[in-house]
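Working through the structure, step by step
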Amino acid sequence: MVFESYGVAETHYESHVAATTYLLRPIKYRAPLQGAEDGTSNIGSNIHTDKSFSTLLFQNQINALQVETKNGEWVDVDVPPSAFVFMAGDAYEAWSNGRIYAARHQVLMKEDKQRYTLALFTFNKGITDIPEELVDETHPIQYKPFDNFGLAWYYLSGASSMTHGTAKPYCGINAR
Ligand SMILES: O=C(O)CCC(=O)C(=O)O
Ligand SMILES: [Fe+2]
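Residues numbered from 1 in each chain as written. Chains lettered and ligands numbered in written order. Predicted model: local features only at pLDDT ≥ 70, side-chain atom pairs only at ≥ 80, totals over all residues. Heavy atoms only, no water.

- Looking up the chain in an unreviewed UniProt entry gives the name Fe2OG dioxygenase domain-containing protein, with the organism given as Solanum tuberosum.

Here it is in structure tokens:
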């Protein structure tokens, strides 16, 4: 759908799918500790952006995900029972030449119940080029061709902020 809406399905979708690899991660979050005083026992996952191309989330009907909007407001994501959450990762942001935003998010546990999430991450193998169709006068090129796993290792090595996006620092043009 996204590739179609940008008019790059014919030229880029097949090669994209051929280069896609998947990682399924089941996650268990414990309920907040009762009586804990440090105020952090409800943190299920710290603020981050995903290092994947895309992420699909399915949860056991316990809401806890919060996403930051572009203007810095944190919103609770109320996920209907049989719905999935689709998130764009740093690689999607770079591939789309910054048109798609990899939102920061976190997991804050509120209910006194365990939470389970199935997270399906997609990553691109090899070097990902920025489609030339997504570069024009109003969208000058912002990212260099990049290696999605290289981006993830860059983050894990501690070379960039743990709480902000990794696309700009890893493969941004004029990155600081
Ligand atoms: O459990 C969730 O809802 C989010 C998990 C997450 O952000 C992640 O694994 O990257
Ligand atoms: Fe995430």
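**Considering helix α4 (residues 148–156)**
- All buried positions along α4 are accounted for by N148, G150, L151, A152 and Y155.
- Tucked inside the fold, the buried residues of α4 contact β2 (43–48), α3 (90–95), β8 (115–124), β10 (146–147) and α5 (167–171).
- Following α4 by one or two positions, G158 adopts a phi angle in the positive range, close to 85°. (Buried < 20%, exposed > 50% of the residue type's maximum accessible area, 1.4 Å probe, protein only. Helix = DSSP H or I, 4+ residues; strand = E, 2+ residues; numbered from the N terminus. Contact = heavy atoms within 4.5 Å.)

**Quick look at the coordination of the iron ion (ligand 2)**
- In the first shell of the iron ion (ligand 2), the protein supplies H48 (NE2), D50 (OD) and H105 (NE2), at 2.0 to 2.1 Å from the metal.
- In primary sequence terms, the donor set of the iron ion (ligand 2) follows H-x1-D-x54-H. Each of the two residues, H48 as well as D50, counts as buried. (Donors = N, O, S within 2.8 Å, 3.2 Å for Na, K, Ca; no water.)

**Observations concerning the packing of aromatic side chains**
- Inspection of the entire model under this criterion finds nine aromatic pairs.
- Note on F123 and F149: the rings are 5.5 Å apart at their centroids and 15° apart in plane angle, and the pair reads as stacked. On the criterion of sequence distance, the pair formed by F123 in strand β8 and F149 in helix α4 is long-range, its members being 26 residues apart.
- Residue F123 is classed as buried on the basis of its relative accessible area of 11%.
- Sitting over the face of the ring of Y143, K168 holds its NZ or CZ atom 4.7 Å from the ring centroid. (Phe/Tyr/Trp six-rings, centres within 6.5 Å; stacked < 30°, edge-to-face > 60°. Lys NZ or Arg CZ within 6 Å of the ring centre and 35° of its normal.)

**Structural notes on the side chain of H105**
- Relative to the assigned elements, H105 resides in strand β7 (residues 105–108).
- There is a polar contact of 3.1 Å between the side chain of H105 and the backbone oxygen of A103. (Polar contact = N/O pair within 3.5 Å; in protein donor to acceptor, adjacent residues only side chain to side chain.)

**Brief notes about the sheet that holds β7**
- In spatial order, the strands read β2-β7-β4-β5; together these four strands make up an open sheet with antiparallel pairing. Bordering the open sheet on either side are β2 and β5 (74–76), each of which pairs with just one other strand. Neighbour-to-neighbour, the strand axes of the sheet open up by a mean angle of 25°, direction not taken into account.
- Across three bridges, strand β4 (residues 65–68) lies against β5 in antiparallel orientation. Bridged to Q66 within β5 is D76. (Pairing = 2+ DSSP bridges. Axes fitted to C-alpha atoms, helices over the stretch in contact; angles between N-to-C directions.)

**Let's talk about the pairing of strand β3 (residues 54–59)**
- As paired elements, β3 and strand β6 (residues 85–88) share four bridges and run antiparallel to each other. Counterpart to L57 in the pairing with β6 is V85.
- With six bridges joining them, β3 and β8 adopt antiparallel strand pairing. Among the inter-strand pairings, S54 is bridged to a residue of β8, identified as T122.

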